[in-house]
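# Structural description and commentary
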Amino acid sequence: MSIIPNDKLDKHECPLAVIRCIDWRFRNSDQEFVEKVLGFADFDLFSWPGAAKEVLKNNGFKTSFIEKIMSVSRNLHNAKKLLLLWHWDCGGYGGSKAFTTADEEEKTYRRDIQTVKDMLAKELPEDQEIIMAYSKKVPQGLEYTIVE
Ligand SMILES: [Zn+2]
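It should be emphasised that the depicted structure is a prediction, and the values quoted were computed from it without experimental measurement. (Residues numbered from 1 in each chain as written. Predicted model: local features only at pLDDT ≥ 70, side-chain atom pairs only at ≥ 80, totals over all residues. Heavy atoms only, no water.)

## So, the layout of surface pockets
Rules: Grid points spaced at 1 Å and placed over the protein atoms alone form the basis of the search, with a cavity being a set where a 1.4 Å probe fits but cannot get out and a pocket an open set showing protein on both sides within 12 Å along at least five of seven lines. Lining residues have an atom within 4 Å of a point. Grid points are joined across faces, edges and corners, and a volume is the space filled by probe spheres set on the points. Three categories are distinguished: nonpolar for Ala, Val, Leu, Ile, Met, Phe, Trp, Tyr, Cys and Pro, charged for Asp, Glu, Lys and Arg, and polar for the others, with Gly belonging to the last.
Volume-wise, the largest pocket comes out at about 220 Å³. As for the largest pocket, its lining consists of Lys8, Lys11, His12, Glu13, Cys14, Gln31, Glu35, Ala41, Asp42, Phe43, Asp44 and His77. Broken down by class, the residue content of the lining of the largest pocket amounts to three nonpolar, three polar and six charged.

Given below as structure tokens:
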């Protein structure tokens with residue numbers, strides 16, 4: 001048996017829900033970005049291959065995702081913010097090798113995050129704030145950009 005201390009079990013609310021890719025290489029950095037850069041210690045975490053890219057297909061994933069954001073993150077945990085977090089070299093896109101240039105890769109991510117945001121914003125309540133960000137590989141590690 002193992003016991004891991006946890007001081008959050010009696011809390012019921014968090015301000016933010018995050019959807020990120022399942023890619024394990026980015027998990028610790030993503031967590032650090034959300035906690036230390038964005039300043040959210042508590043957040044619901046949705047993780048799916050390609051983050052929320054699947055929403056672009058306008059299929060059952062989108063319907064389920066919106067339903068869970070509403071029923072769990074928003075109505076149960078009172079999370080009024082949603083972060084869409086993409087990452088460089090994402091297997092959901094075939095990795096960086098699927099792009100001719102780094103510029104093309106970045107433009108594709110930025111376009112898709114924006115489209116997903118617009119699609120979700122149409123169906124979520126007006127006061128649901130949607131934040132967009134992505135991480136890019138640099139020699140020192142990962143550079144996170146918040147899309148304005
Ligand atoms: Zn990925």
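From this point on, the discussion continues.
## Comments concerning empty space enclosed by the protein
Left-over empty space is what a probe sized like a water molecule reveals as it rolls over the atoms. Counted under the stated rule, the structure contains one cavity of 30 Å³ or more. Of the voids in this model, the largest cavity is the one considered here, and its volume is about 50 Å³. Taken together, Val18, Arg20, Arg27, Asp30, Gln31, Val34, Phe43, Leu45 and Leu85 make up the full set of residues lining the largest cavity. Among the residues making up the lining of the largest cavity, the classes are represented as five nonpolar, one polar and three charged.

## Notes on the environment of Ile22
What counts here: Secondary structure elements are taken from DSSP: a helix is a run of H or I of four residues or more, a strand is a run of E of two residues or more, and numbering for both begins at the N terminus. What makes two residues a contact is simply this: any of their non-hydrogen atoms within 4.5 Å.
Residue position: Ile22 is located in the loop between β1 (16-20) and α1 (27-37). Through-space distance from the C-alpha of Ile22 to that of Gly50 is 7.4 Å; in sequence the pair is 28 residues apart. Those residues in contact with Ile22 that sit more than four places away from it in its chain are Ser47, Trp48 and Pro49.

## Brief notes about the coordination of the zinc ion
Where we set the bar: Distances up to 2.8 Å from the metal define which N, O and S atoms are donors, and 3.2 Å serves for Na, K and Ca; water is absent from the atom set, so sites may look incomplete. Burial classification: accessible surface area is computed with a 1.4 Å probe over protein chains only, and a residue below 20% of its type maximum counts as buried, one above 50% as exposed, and the rest as partly exposed.
Protein-derived coordination of the zinc ion comes from Cys21 (SG), His87 (NE2) and Cys90 (SG), at a distance range of 2.0 to 2.3 Å. Ordering the donors of the zinc ion by residue number gives the pattern C-x65-H-x2-C. Looking at His87, the relative accessible area reads 3%, which means it is buried. Relative accessible area serves as the criterion here: at 2%, Cys90 is assigned to the buried category.

## Observations concerning the sheet that holds strand β4 (residues 129-138)
This is how it is decided: Note on pairing: DSSP must find at least two bridges between two strands before they are called paired. Structural elements are reduced to axes, namely lines fitted to C-alpha atoms, with helices fitted over the stretch in contact, and the angle between N-to-C directions of any two is expressed from 0 to 180 degrees.
Read from one edge to the other, the open sheet built from five strands follows the order β2-β1-β3-β4-β5, with strand pairing classed as mixed. Both edges of this open sheet fall to β2 (43-47) and β5 (141-147), since each of them pairs with a single strand only. Adjacent strand axes in the sheet meet at a mean angle of 25° when their direction is disregarded. As judged from the five bridges shared by β1 and β2, these two strands associate in the parallel manner. Following the sheet pairing, Arg20 is matched in β2 by Ser47. Packing of α1 onto the sheet brings it into contact with β1, β2, β3 (81-87), β4 and β5, and relative to β5 it is tilted by some 45°.

## Some remarks on the nonpolar core
The criterion, for reference: Residues belong to a common nonpolar core when they are buried Ala, Val, Leu, Ile, Met, Phe, Trp, Tyr or Cys residues joined through side-chain atoms within 4.5 Å.
Counting 28 residues, the largest nonpolar core has Ala52, Val55, Phe65, Leu82, Leu84, Trp86 and Leu120 as its most contacted members. Among the elements of the structure, β1, α2 (60-74), β3, α3 (102-123) and β4 are those that each provide at least two residues to this core. Looking at this core, the element that brings in the most residues is α3, giving five residues. Apart from residues lying up to four places away in sequence, Val55 is in contact with Phe61, Lys62, Phe65, Val116, Met119 and Leu120. One finds Leu16, Phe40, Phe43 and Leu85 within the second-largest nonpolar core, a separate group that totals eleven residues.

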